[in-house]
Amino acid sequence: MNRNFVLENIKDFHLNQVLECGQCFHFARTDSGINPDEYEYEIVAKDRILHIKEEPSSDGVRLIFFNTEDWEYQTIWKQYFDIERDYAEIKYNIIQADPRLEEIVDQNSGIRILNQDFFETLISFIVSQNKQIPQIKQVVNNLSTELGTKFDVTMIDRLSSEFDSFFPTAEQLHMATEEEVRMSKCGFRAPYIKDAAEKVFSGEITAEKLAKLDDDDARELLMSIHGVGEKVANCVMLFGLGRRSAFPVDVWMKRICEYLYYDEVDTPKSIIEEDAKKRFGKYAGYAQQYLFMYGQKNRIGIK
């Protein structure tokens, strides 16, 4: 018999804000969109498939984890969604560091940073370079379908999306040819994906090795992968290694920070990153999410 796991009155959490903010890419929204207070998604992560729904509750939101036993929630999804972290404290400290962000924090009060698989995060952000989110999601799904492990037939029966495979392992991408990787429509990123897979599969770069390094050395090791620059390395550190003080700076974040903190004067990315860590401290990675949304809302850098 299928059983659902239900969480009641979860605060500082909105499923669509968590999934749609550009930190993960192997998911699909499956609700009709008719009810603006309810969201339903299918997520492929942690070698599992999750069908999850958010509904309003008296004090926060209600989360329904369909076909999920208690042990699965406790060992996988609780950590994945960062359920037990105090996000009220995080948001308070970000607003204290820059009161101009209060409105955007309030409007996006349900964002959480996921605890994702290191290797999938690495490949996903290599793919992300010069691509929009729908394109990244398509390449991630293509890599999974063509090179990953197929779902068990009982799993497929539960899904309404087109997903049919888990994200490939480092071994599976290592064994694939560059031509096979290119079939995912990843373009010029194929050799970068291959180099990343080979370095992870060989043990040259692993989450365990990175965990023993400080931020600078971990970033340097990640940047030894062809095609991984500072921005991608910082994204991997933030979203795939749990380093919440990492502060990815791309062209948009550079413009937003120059607007807010440098009187629109051209400023090196390294200075922006260093100053953000001083300003926001251990919350810099969370602040980066809100700063990006602040820039979007106020159309900073858009001509």
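See the structure printed just above.
One structure accompanies this document, and this report is about it. (Residues numbered from 1 in each chain as written. Predicted model: local features only at pLDDT ≥ 70, side-chain atom pairs only at ≥ 80, totals over all residues. Heavy atoms only, no water.)

**Section: the packing of aromatic side chains**
- Using the criterion set out here, one finds 16 aromatic pairs in the structure.
- Ring plane angle 70° and centroid distance 6.1 Å describe the contact between Phe65 and Phe81, whose orientation is recorded as edge-to-face. Of this pair, Phe65 sits in strand S5 (residues 60-66) while Phe81 is found in the loop between helix H2 (70-80) and helix H3 (87-97), placing the two residues 16 residues apart along the sequence. Considered together, Phe65 and Phe81 belong to a single accessibility category, that of buried residues. (Phe/Tyr/Trp six-rings, centres within 6.5 Å; stacked < 30°, edge-to-face > 60°. Helix = DSSP H or I, 4+ residues; strand = E, 2+ residues; numbered from the N terminus. Buried < 20%, exposed > 50% of the residue type's maximum accessible area, 1.4 Å probe, protein only.)

**Details of the packing of helix H5 (residues 118-127) against helix H13 (residues 230-240)**
- Relative orientation of the contacting elements H5 and H13 amounts to 145°, with a least axis distance of 9 Å. Both H5 and H13 take part in a crossing whose hand is right-handed. On H13, the residues touching Phe118, Thr121, Leu122, Phe125 and Ile126 of H5 are Val232, Cys235, Val236, Phe239 and Gly240.
- Of the residues contributing to the contact of H5 with H13, the split by class is 8 nonpolar, 2 polar and no charged. (Axes fitted to C-alpha atoms, helices over the stretch in contact; angles between N-to-C directions. Left-handed = near helix turned anticlockwise from the far one by under 90°. Contact = heavy atoms within 4.5 Å. Nonpolar A, V, L, I, M, F, W, Y, C, P; charged D, E, K, R; others polar.)

**Let's talk about the pairing of strand S3 (residues 39-45)**
- Among the 7 residues of S3, 7 are classified as buried, and the element is accordingly described as predominantly covered.
- Burial along S3 is two-sided: the residues Tyr39, Tyr41, Ile43 and Ala45 and Glu40, Glu42 and Val44 are all buried.
- Note: strand S2 (residues 27-29) against S3, 3 bridges, orientation antiparallel. Pairing of Ala28 across the sheet is with Glu42, part of S3.
- Where S3 lies against strand S4 (residues 48-57), 7 bridges are found, and the strand directions are antiparallel. (Pairing = 2+ DSSP bridges.)

**Concerning the pairing of S4**
- Of all 10 residues in S4, 7 are buried, a share of seventy percent or more.
- Turn length for the S3-S4 hairpin, with the two strands adjacent in sequence and antiparallel, is 2 residues, and the turn residue Lys46 shows positive phi of about 55°.
- As paired strands, S4 and S5 are joined by 7 bridges and run antiparallel to one another. Bridge assignment links His51 to a residue of S5, and that residue is Phe66.
- Following S4, the chain reverses through 2 residues before pairing antiparallel with S5.

**Overview of the environment of Ile90**
- Relative to the elements of secondary structure, Ile90 occurs in helix H3.
- Put simply, Ile90 and Phe119 are 29 residues apart on the chain and 27 Å apart in space, counted from C-alpha to C-alpha.
- Those residues in contact with Ile90, other than ones at most four positions away along the chain, are Arg85, Tyr283 and Tyr286.

**Brief notes about the nonpolar core**
- Membership of the largest hydrophobic core comes to 68 residues, with the highest contact counts inside it found for Ile94, Ile123, Leu143 and Leu291.
- The residues touching Leu291, leaving out its near neighbours within four places in the chain, are Leu101, Phe247, Met253, Ile256, Cys257, Leu260, Tyr261 and Phe280. (Core = buried A, V, L, I, M, F, W, Y, C linked by side-chain atoms within 4.5 Å.)

**Details of the pattern of salt bridges**
- Counting across every chain of the model gives 26 salt bridges.
- Linking Asp164 and Lys150 is a salt bridge whose minimum nitrogen-to-oxygen distance equals 3.5 Å. Separated by 14 residues along the polypeptide, Asp164 in the loop between helix H7 (153-156) and helix H8 (170-175) and Lys150 in the loop between helix H6 (133-147) and H7 bring together distant segments of the chain.
- When salt bridges that share partners are traced, they join Asp215, Asp216, Arg219, Arg243, Glu273 and Lys277 into one network. (Salt bridge = Lys/Arg side-chain N within 4 Å of Asp/Glu carboxyl O.)

**A look at the side chain of Lys91**
- By secondary structure assignment, the location of Lys91 is in helix H3.
- If sequence neighbours within four positions are ignored, Lys91 has contacts with Asp12, Val105, Ser109 and Tyr290.

**Examining the packing of H5 against helix H10 (residues 190-202)**
- Orientation of H5 relative to H10, taken along the N-to-C sense of each, is 160°, at an axis distance of 10 Å. Of the possible angle classes, the one that applies to H5 and H10 is roughly antiparallel. In this structure, the crossing between H5 and H10 has a hand that is right-handed. From H5, Phe118, Phe119, Leu122, Ile123, Ile126 and Val127 reach across to H10, where they touch Tyr192, Ile193, Ala196, Ala197 and Val200. (Parallel < 35°, antiparallel > 145°, perpendicular 65-115°, else oblique.)

**Some points on H2**
- Among the residues making up H2, those that are buried are Glu72, Tyr73, Ile76, Trp77 and Tyr80. With its buried residues spanning 120° around the axis, H2 presents them on a single face.
- Lining the buried residues of H2 we find strand S1 (5-10), S3, S4 and S5.
- Residue Asp82 follows H2 closely and has a positive phi angle near 60°. (Arc of directions from axis to C-beta.)

**Side note on the sheet that holds S3**
- Sheet architecture is open: 5 strands sit in the order S1-S5-S4-S3-S2, paired in antiparallel fashion. Each end of this open sheet is capped by a strand with a single partner; those strands are S1 and S2. Taken over all neighbouring pairs, the strand axes of this sheet differ in orientation by 20° on average, direction set aside.
- Taken strand by strand, H2 contacts S1, S3, S4 and S5, and its axis lies near 80° from that of S4.

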